[in-house]
Amino acid sequence: MARLSYEEGTIRLSEGLPGDLPGVEYDARSETGRAPAYRYAAVRAALDERGVAYEDDVLDLPTLPLESTYELRDYQQAALDAWRDSGDRGVLELPTGSGKTVVGIAAMEALATPTLVVVPTIDLLDQWQSELEREFDCEIGRMGGGEQRVADVTVATYDSAYLRADELGDRFGLVVFDEVHHLGGEGYRDIARLLAAPARLGLTATFERPDGAHEVVAELIGDLASRIAVDELAGDHLADYDIKRIAVALTESERATYERHQETFTSYLQRSSITMRSGSDYQELVKRSGTDPEAREALLAKQRAREVMMNADRKVERLATILDRHRDDRVIVFTAHTDLVYRLSERFLLPAITHETGADERREILERFREGTYSRIVTANVLDEGIDVPDANVAVLLSGSGSEREFTQRLGRILRPKRDGDRAILYELISEETAEENVAARRR
């Protein structure tokens with residue numbers, strides 16, 4: 001009888017099988033074929049549809065008695081149902097704070113199969129491990145943070161999973177990718193390619209990527225199965241919120257510097273016929289800057305103009321007013337630049353978290369924020385995703401990348417339901433007559 005087997009990230013097909021199966025490349029001499037492991041479910045489906053008898057040695061997995069104490073909310077159950085209706089494959093887009101982890105655990109319960117959970121950061125690795133150990137009465141494996149321990153239920157960082165995917169590709173029936181947009185990265189895609197797991201779940205607050213790599217993710221784990229927007233949950237399951245955009249003027253000196261650098265940048269674009277309408281246009285500019293001095297000068301000018309726009313002095317002055325107005329609230333201040341974080345930390349005596357902050361210090365700051373010892377913190381990018389941030393009700397965006405993903409993630413940091421039912425507030429400070437105005441306008 002024809003046979004399927006797993007071999008180092010591929011599905012090996014013995015002789016006697018049809019020659020036109022999805023993703024299979026055949027060796028005419030041996031009359032055998034191979035397919036990337038992620039094609040396993042599609043190959044089986046094609047064989048079953050044609051009524052072809054075969055022996056399947058790819059996965060030999062136990063049934064796990066997984067039970068948790070969670071009761072799904074209606075929107076969580078609807079998302080899980082949509083994923084199951086999609087053949088236990090696909091991506092669920094749920095707002096930050098809406099319980100993506102809970103849905104992932106429910107999927108594990110429903111399938112009762114060995115599961116690999118893949119996460120982008122050590123903080124998320126710790127959070128998932130703690131959650132799974134609390135909910136499931138079984139050993140929880142861990143790959144990352146100095147450990148490489150594999151069990152029937154295992155949590156791994158993207159880096160660790162990437163290094164061992166071909167070795168572990170036949171160990172799991174379900175793979176859960178948290179913050180699944182990371183899977184679009186060129187190297188990380190191999191994790192999904194090398195795993196045979198037929199059931200695949202992606203979790204994210206923002207699926208689509210500006211570079212279009214979400215299309216690759218969809219091919220590897222399934223299409224978007226369910227999307228729930230923030231506004232659908234605000235007021236019931238998440239806090240109601242207001243967004244207040246505040247325009248500030250550049251100082252005379254800042255305006256002159258901004259215009260000078262912008263002129264250098266735009267003049268080069270006009271001469272070179274680069275339109276900057278997509279990420280690929282920007283990549284073309286970066287590529288040219290390696291050999292063309294004028295392109296390099298234009299790129300540096302763009303960066304300098306952006307720094308002036310993002311770090312405007314009057315943004316800091318307006319922040320002082322906001323902090324005074326919200327002295328009794330819990331406030332997170334977001335910036336794009338580490339230098340500005342430390343300036344604000346020194347001026348307003350705010351605990352600071354950046355990529356330079358050690359894990360122990362970061363945990364201590366967040367714990368003090370959680371217990372109320374600190375009522376405000378300032379950060380550059382670190383708290384956008386992958387860290388369990390305590391409840392806050394006010395966020396101030398002094399600067400950022402301008403992406404929809406980043407904005408959504410930062411908004412999500414203040415949307416957990418408030419005990420007193422108060423509304424959350426997000427302030428976005430924008431430099432007038434700069435590129436920031438256009439970016440903010442596109443999000444409206």
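Below is a summary of the structure that appears in this document. (Residues numbered from 1 in each chain as written. Predicted model: local features only at pLDDT ≥ 70, side-chain atom pairs only at ≥ 80, totals over all residues. Heavy atoms only, no water.)

## Quick word on the sheet that holds strand E18 (residues 394–397)
For sheets, the rule is that strands pair by backbone hydrogen bonds, running either parallel or antiparallel.
Part 1 of the argument: On the basis of which strands lie adjacent, the open sheet formed by 6 strands has the order E14-E19-E18-E15-E17-E16 and parallel pairing. The sheet terminates laterally at strand E14 (241–248) and strand E16 (352–353), the two strands that pair on one side only.
Part 2 of the argument: By the bridge criterion, 4 bridges tie E18 to strand E19 (residues 424–431) in an arrangement that is parallel. Across the sheet, residue Val394 finds its bridge partner in E19, namely Ile425.
Part 3 of the argument: Those strands touched by helix H12 (residues 313–325) are E14, strand E15 (331–335), strand E17 (376–380), E18 and E19, and its axis lies near 165 degrees from that of E19. (Pairing = 2+ DSSP bridges. Helix = DSSP H or I, 4+ residues; strand = E, 2+ residues; numbered from the N terminus. Contact = heavy atoms within 4.5 Å. Axes fitted to C-alpha atoms, helices over the stretch in contact; angles between N-to-C directions.)

## What about the sheet that holds strand E6 (residues 89–93)?
Part 1 of the argument: A sheet is described by the order of its strands in space; here 8 strands give the open sequence E9-E8-E10-E7-E11-E12-E6-E13, paired in mixed fashion. Edge strands, defined here as strands with exactly one partner in the open sheet, are strand E9 (147–149) and strand E13 (224–227). Strand-to-strand twist of the sheet, defined as the mean angle between neighbouring strand axes without regard to direction, takes the value 20 degrees.
Part 2 of the argument: Helix H3 (residues 100–111) contacts E6, strand E7 (115–119), strand E10 (153–157), strand E11 (174–178) and strand E12 (199–204) of the sheet and is inclined by roughly 170 degrees relative to E12.
Part 3 of the argument: Sheet strands in contact with helix H4 (residues 122–135) are E7, strand E8 (140–144), E9, E10, E11 and E12, and its direction is about 175 degrees off that of E8.

## Looking at the packing of H3 against H4
Part 1 of the argument: Between H3 and H4, the shortest axis-to-axis distance is 12 Å and the interhelical angle comes to 50 degrees. Taken together, the axes of H3 and H4 are oblique relative to one another. In this structure, H3 crosses over H4, and the sense of that crossing is right-handed. Residues Thr101, Gly104, Ile105 and Met108 of H3 lie in contact with H4, whose contacting residues are Trp128, Glu131, Leu132 and Glu135.
Part 2 of the argument: A per-class count over the contact of H3 with H4 returns 4 nonpolar, 2 polar and 2 charged. (Parallel < 35°, antiparallel > 145°, perpendicular 65-115°, else oblique. Left-handed = near helix turned anticlockwise from the far one by under 90°. Nonpolar A, V, L, I, M, F, W, Y, C, P; charged D, E, K, R; others polar.)

## What about the packing of aromatic side chains?
Part 1 of the argument: Tallying each qualifying case throughout the model produces 2 aromatic pairs.
Part 2 of the argument: Centre to centre, the rings of Tyr158 and Phe177 are 6.2 Å apart; their planes meet at 35 degrees, and the pair counts as tilted. Taken as a pair, Tyr158 in helix H5 (residues 158–168) and Phe177 in strand E11 lie far apart in primary sequence, 19 residues in all. As far as burial versus exposure is concerned, Tyr158 and Phe177 are alike and both buried.
Part 3 of the argument: When the centroid spacing of 5.2 Å and the interplanar angle of 45 degrees are considered together, the rings of Tyr158 and Tyr188 count as tilted. One end of the pair, Tyr158, is in helix H5; the other, Tyr188, is in the loop between E11 and helix H6 (189–194), with 30 residues separating them in the sequence.
Part 4 of the argument: Residue Tyr188 is classed as partly exposed on the basis of its relative accessible area, which comes to 25%. (Phe/Tyr/Trp six-rings, centres within 6.5 Å; stacked < 30°, edge-to-face > 60°. Buried < 20%, exposed > 50% of the residue type's maximum accessible area, 1.4 Å probe, protein only.)

## A few points about the nonpolar core
Part 1 of the argument: Of all hydrophobic cores here, the largest spans 31 residues; its most connected members are Trp83, Met108, Val117, Trp128, Leu132 and Val155.
Part 2 of the argument: Only helix H2 (74–85), H3, E7, H4, E10, E11 and E12 provide two or more residues apiece to this core.
Part 3 of the argument: No other element matches the 6 residues that H3 contributes to this core.
Part 4 of the argument: When residues no more than four places from it in sequence are discounted, the contact partners of Trp128 are Thr101, Gly104, Ile105, Val117, Val119, Val155, Asp178 and Leu203. (Core = buried A, V, L, I, M, F, W, Y, C linked by side-chain atoms within 4.5 Å.)

## What to know about the pairing of E17
Part 1 of the argument: With 5 of 5 residues buried, E17 lies mostly within the body of the structure.
Part 2 of the argument: Alternating positions in E17 separate into two faces, Arg376, Val378 and Ala380 on one and Ile377 and Thr379 on the other, with burial throughout.
Part 3 of the argument: Across 2 bridges, E16 lies against E17 in parallel orientation. From the neighbouring strand, Ala352 faces E17, where its bridge partner is Val378.
Part 4 of the argument: Note on the crossover from E16 through helix H14 (residues 359–371) to E17: the handedness is right-handed. (Right-handed = clockwise from strand over helix to strand, strands pointing away.)

## Quick word on the pattern of salt bridges
Part 1 of the argument: As enumerated under the stated definition, the model contains 23 salt bridges in all.
Part 2 of the argument: One salt bridge connects Glu93 with Arg227, and the closest N-O pair in it is separated by 2.7 Å. Pair noted here: Glu93 is in strand E6 and Arg227 is in strand E13, with a separation of 134 residues, a long-range link.
Part 3 of the argument: Among the residues examined, Glu93 registers a relative accessible area of 10% and is labelled buried.
Part 4 of the argument: Among the ionic pairs, Arg327 bridges to Asp324, the shortest N-O distance being 2.1 Å.
Part 5 of the argument: For Asp324, a relative accessible area of 45% gives the class partly exposed.
Part 6 of the argument: By sharing partners, the salt bridges in this structure join Asp126, Glu139, Arg142, Glu147, Arg149, Asp360 and Arg363 into a single network. (Salt bridge = Lys/Arg side-chain N within 4 Å of Asp/Glu carboxyl O.)

Any functional reading would require information beyond the geometric quantities listed.
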